[in-house]
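Report on the structure
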Amino acid sequence: EAEVAQSPRYKITEKSQAVAFWCDPISGHATLYWYRQILGQGPELLVQFQDESVVDDSQLPKDRFSAERLKGVDSTLKIQPAELGDSAMYLCASSNHRVSDYNEQFFGPGTRLTVL
Amino acid sequence: AQSVTQLDSHVSVSEGTPVLLRCNYSSSYSPSLFWYVQHPNKGLQLLLKYTSAATLVKGINGFEAEFKKSETSFHLTKPSAHMSDAAEYFCVVSDPGNQFYFGTGTSLTVIP
């Protein structure tokens with residue numbers, strides 16, 4: 001069964017360092033999402049891509065976070081510089097969404113980030 | 001606007017007894033609703049979804065949920081809890097742009 005791939009699974013970094021996370025969605029899924037999940041809370045959307053275009057990045061802290069999906073397939077989320085409050089699980093999801101349909105999102109295993 | 005309220009942050013049941021996880025939603029549209037499960041340090045797995053077909057939805061692992069428009073509820077149930085059901089459960093409502101709005105989650109503990 002096809003799955004969303006993420007790497008690394010765990011990342012420990014010191015504050016002010018740069019970190020990057022990678023996501024490979026299910027083949028053929030045009031929509032890709034990055035979420036941040038703080039311990040004990042539900043995921044919150046950071047950015048949504050439709051193919052290579054950003055659909056919504058209103059909750060992305062753009063002073064330190066960036067996301068790209070250059071060829072409309074895999075995606076990278078970067079944080080520079082990392083802050084203590086960025087410690088969280090970063091989840092990637094993809095869907096085969098069309099404008100008139102409601103489709104489930106398929107989630108990857110996540111990257112657990114710890115900032116020291 | 002779309003939102004979800006999960007009425008219990010923690011639920012504890014004995015193995016073999018029924019499970020009830022409660023969810024109320026608010027939506028400006030005819031809603032699509034989902035239940036996801038998350039085991040520790042894992043991603044989210046879809047249990048079931050409602051998309052305006054049958055109001056009683058059956059999912060994986062014996063779970064089911066009933067959409068009640070008059071009560072704006074989408075409660076998750078299972079007749080008999082198993083130890084492997086211990087996890088975090090999220091109720092989700094989506095908008096026409098397929099953006100998901102998550103509840104704060106319900107942690108299910110199963111007592112042997």
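Topic: the overall build of chain B
- Counting secondary structure elements, chain B contains zero helices and 12 strands.
- For chain B, the proportion of contacts with a sequence separation of at least 24, taken over those separated by at least 6, is 55%.
- Total accessible area on chain B stands at roughly 5,100 Å², and carbon and sulfur atoms take up 53% of it.

Topic: the sheet that holds strand β1 (residues 5-7) of chain A
All names here are of chain A.
- With antiparallel pairing, the four strands of this open sheet are ordered in space as β1-β3-β8-β7. Edge positions in the sheet fall to β1 and β7 (65-68), since each has one partner strand and no second. On average, each strand axis in the sheet is tilted by 15° relative to the strand beside it, whichever way the strands run.
- In the sheet, strand β3 (residues 19-24) pairs with strand β8 (residues 75-79) via five bridges, with the strands oriented antiparallel. For C23, the partnering residue across the bridge sits in β8 and is S75.

Examining the interface of chain A and chain B
- Contacts between the two partners involve 25 residues from chain A and, on the opposite side, 24 residues from chain B.
- Of the roughly 1,800 Å² buried at the junction of chain A and chain B (both faces included), carbon and sulfur atoms supply 47%.
- Our enumeration of links across chain A and chain B arrives at one salt bridge.
- Where K49 of chain B meets E104 of chain A, a salt bridge forms, and the shortest distance between an N and an O atom there is 2.5 Å.
- Put simply, chain A and chain B have five residue pairs in polar contact (both at pLDDT 80 or more) between them.
- Elements represented by at least two residues in the side of chain A that touches chain B include exactly β4 (31-37), β5 (44-50) and β9 (88-95) of chain A.
- Its residues placed into classes, the side of chain A that touches chain B shows 11 nonpolar, 10 polar and four charged.

Focus on the pairing of strand β2 (residues 10-14) of chain B
Residues and elements named next belong to chain B.
- The alternating pattern of β2 places V11 and V13 on a buried face, while none of H10, S12 and S14, on the opposite face, is buried.
- Looking at chain direction, β2 and strand β12 (residues 106-111) are connected through five bridges and run parallel. Residue pairing for β12: S12 is matched across the bridge by T109.

Overview of unusual backbone geometry
Residues and elements named next belong to chain A.
- Looking along the chain, the bond that leaves S7 and enters P8 is cis, with omega of -5°.
- Relative to the helices and strands, P8 is located in the loop between β1 and β2 (10-13).
- Here the amide bond leading from Q80 into P81 is cis, since omega sits at -5°, within 30 degrees of zero.
- With respect to the helices, strands and loops of the structure, P81 is situated in the loop between β8 and β9.

Structural notes on the state of the cysteines
- Scanning the model with the defined rule gives two disulfides over all chains in all.
- Residue pairing for C23 of chain A: its cysteine sulfur links by disulfide to C92 of chain A, the two sulfurs lying 1.9 Å apart. Because the sign of the S-S torsion sets the handedness, a value of about -70° for the bond joining C23 of chain A and C92 of chain A places this disulfide among the left-handed ones. Here the residue C23 of chain A occupies a position in strand β3, and C92 of chain A occupies one in strand β9, the gap between them amounting to 69 residues. As far as burial versus exposure is concerned, C23 of chain A and C92 of chain A are alike and both buried.
- Here C23 of chain B connects covalently by a disulfide to C91 of chain B, the sulfurs 2.0 Å from one another.

Conventions used here
- Residues numbered from 1 in each chain as written.
- Chains lettered and ligands numbered in written order.
- Predicted model: local features only at pLDDT ≥ 70, side-chain atom pairs only at ≥ 80, totals over all residues.
- Heavy atoms only, no water.
- Helix = DSSP H or I, 4+ residues; strand = E, 2+ residues; numbered from the N terminus.
- Contact = heavy atoms within 4.5 Å.
- Areas by Shrake-Rupley, 256 points an atom, 1.4 Å probe, with all protein chains shown as cover.
- Pairing = 2+ DSSP bridges.
- Axes fitted to C-alpha atoms, helices over the stretch in contact; angles between N-to-C directions.
- Buried area = accessible area lost by both parts, 1.4 Å probe.
- Salt bridge = Lys/Arg side-chain N within 4 Å of Asp/Glu carboxyl O.
- Polar contact = N/O pair within 3.5 Å; in protein donor to acceptor, adjacent residues only side chain to side chain.
- Nonpolar A, V, L, I, M, F, W, Y, C, P; charged D, E, K, R; others polar.
- Buried < 20%, exposed > 50% of the residue type's maximum accessible area, 1.4 Å probe, protein only.
- Disulfide = S-S within 2.5 Å.

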